[in-house]
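For reference, the chains in residue letters:
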Amino acid sequence: MTKIKTALVTGSTSGIGLATAKTLAAKGIQIMLHGLEDNTTGEAIAAEIEQAYNVKARYFSADLSQAALIDDLFNAVQTEFGGVDILVNNAGIQYTCTTVDYPADKWDLVLAVNLSAAFHTTRLALPFMQEAGWGRIVNIASAHGLVGSANKSAYCAAKHGLVGFTKVVAIENAELGITANSICPGWTDTPLLNQQFAAYGEQNGVPFEEAKSGLIKTKAPYPKLIDPSAIGEMVCFLCTDAAQAITGSSLPIDGAWTAQ
Ligand code: NAD
């Protein structure tokens with residue numbers, strides 16, 4: 001009998017992470033959900049996934065800016081599932097400000113959550129994958145892992161760093177049945193963007209909905225928000241046998257943003 005695979009999706013209480021967790025669960029993969037939210041919120045999402053997809057799902061709350069809590073997350077993964085086959089480093093935050101005024105504590109936080117956490121989860125997940133001779137690591141980077149934008153110094157540094165880190169993990173594990181890839185989404189329909197849409201609306205004197213299309217068009221030829229499930233579907237494809245030679249790649253899903 002083939003072993004049921006387990007995925008840990010960080011930041012899976014919302015947006016891209018939640019859509020990815022559901023897409024993986026729909027393929028029969030067990031899910032360790034994770035986020036900053038309290039246990040009541042997270043466990044309700046886990047119960048919903050268990051009921052909808054008939055797979056085991058558990059939730060663990062941990063602030064990924066604290067490395068010690070990432071150890072606790074992996075202890076929970078080991079206790080609940082005995083290990084992890086698929087790691088999706090998705091949790092991320094944004095803070096926008098010019099470089100000269102960028103608060104140092106915000107810089108540290110954005111780097112910790114968007115980059116260092118992926119190092120810690122990867123170093124803890126790899127031994128399980130190496131022992132199994134199979135593993136998939138998918139890092140949710142961003143178009144900002146490939147190009148820069150004003151006022152996003154920490155985010156762009158973290159996402160470019162994540163793309164580089166992914167390449168190293170891919171090279172080190174290429175002969176071991178383990179792939180590592182980055183997905184680089186453009187404007188995706190999640191709560192992460194609300195603050196930026198609100199600020200754009202205020203600056204340009206337009207209502208929220210108009211601000212959405214206005215801001216999207218400043219960067220991407222494709223004029224709509226991307227559905228988070230499109231990212232989840234790509235994660236699932238990267239977990240197939242057909243994708244076994246796709247490793248070390250940075251895959252844009254960005255409406256031609258970085259094609260320009
Ligand atoms: P979201 O705000 O909907 O979800 C973020 C998730 O991260 C939540 O589950 C939250 O609990 C978790 N999180 C936040 N801070 C955390 C912390 N300190 N410790 C642990 N977990 C924490 O965001 P989203 O848009 O779904 O973003 C998911 C990923 O996709 C992020 O890495 C983001 O940078 C990336 N991304 C998003 C877009 C977009 O347009 N939405 C575009 C490109 C890349």
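The paragraphs below set out a description of the structure included in this document. Predicted model, so just to flag it, every value in this text is computed and none were measured.

### Focus: the site of the ligand
Lining the immediate environment of the ligand, one finds 31 residues, of which Thr-13, Ser-14, Asn-90, Tyr-155 and Thr-190 sit closest. Here an oxygen atom of the ligand and a backbone polar atom of Gly-186 are 3.3 Å apart. Look at the ligand: alone it shows 830 Å² of surface, and the protein chains cover 93% of it. When contributions to the shell around the ligand are tallied by element, the ones reaching two or more residues are α1 (15-25), β2 (30-35) and α5 (153-173). Among the residues making up the shell around the ligand, the classes are represented as 15 nonpolar, 13 polar and three charged. Both of domain 1 (6-189 + 229-253) and domain 2 (190-225) provide at least three residues apiece to the shell around the ligand.

### A look at the packing of α1 against helix α8 (residues 228-238)
Taken N-terminus to C-terminus, the directions of α1 and α8 make an angle of 50 degrees; their axes are 8 Å apart at the nearest point. Put simply, α1 runs oblique to α8. Crossing angle aside, the handedness with which α1 passes α8 is right-handed. Where α1 approaches α8, its residues Gly-15, Ile-16, Ala-19, Thr-20, Thr-23 and Leu-24 are matched on the opposing element by Pro-228, Ser-229, Ile-231, Gly-232, Glu-233, Val-235 and Cys-236. Split into classes, the residues belonging to the contact of α1 with α8 amount to seven nonpolar, five polar and one charged.

Reading guide: rules and limits
Residues numbered from 1 in each chain as written. Predicted model: local features only at pLDDT ≥ 70, side-chain atom pairs only at ≥ 80, totals over all residues. Heavy atoms only, no water. Near = heavy atom within 4 Å. Polar contact = N/O pair within 3.5 Å; in protein donor to acceptor, adjacent residues only side chain to side chain. Areas by Shrake-Rupley, 256 points an atom, 1.4 Å probe, with all protein chains shown as cover. Helix = DSSP H or I, 4+ residues; strand = E, 2+ residues; numbered from the N terminus. Nonpolar A, V, L, I, M, F, W, Y, C, P; charged D, E, K, R; others polar. Domains from an automatic or database assignment. Axes fitted to C-alpha atoms, helices over the stretch in contact; angles between N-to-C directions. Parallel < 35°, antiparallel > 145°, perpendicular 65-115°, else oblique. Left-handed = near helix turned anticlockwise from the far one by under 90°. Contact = heavy atoms within 4.5 Å.

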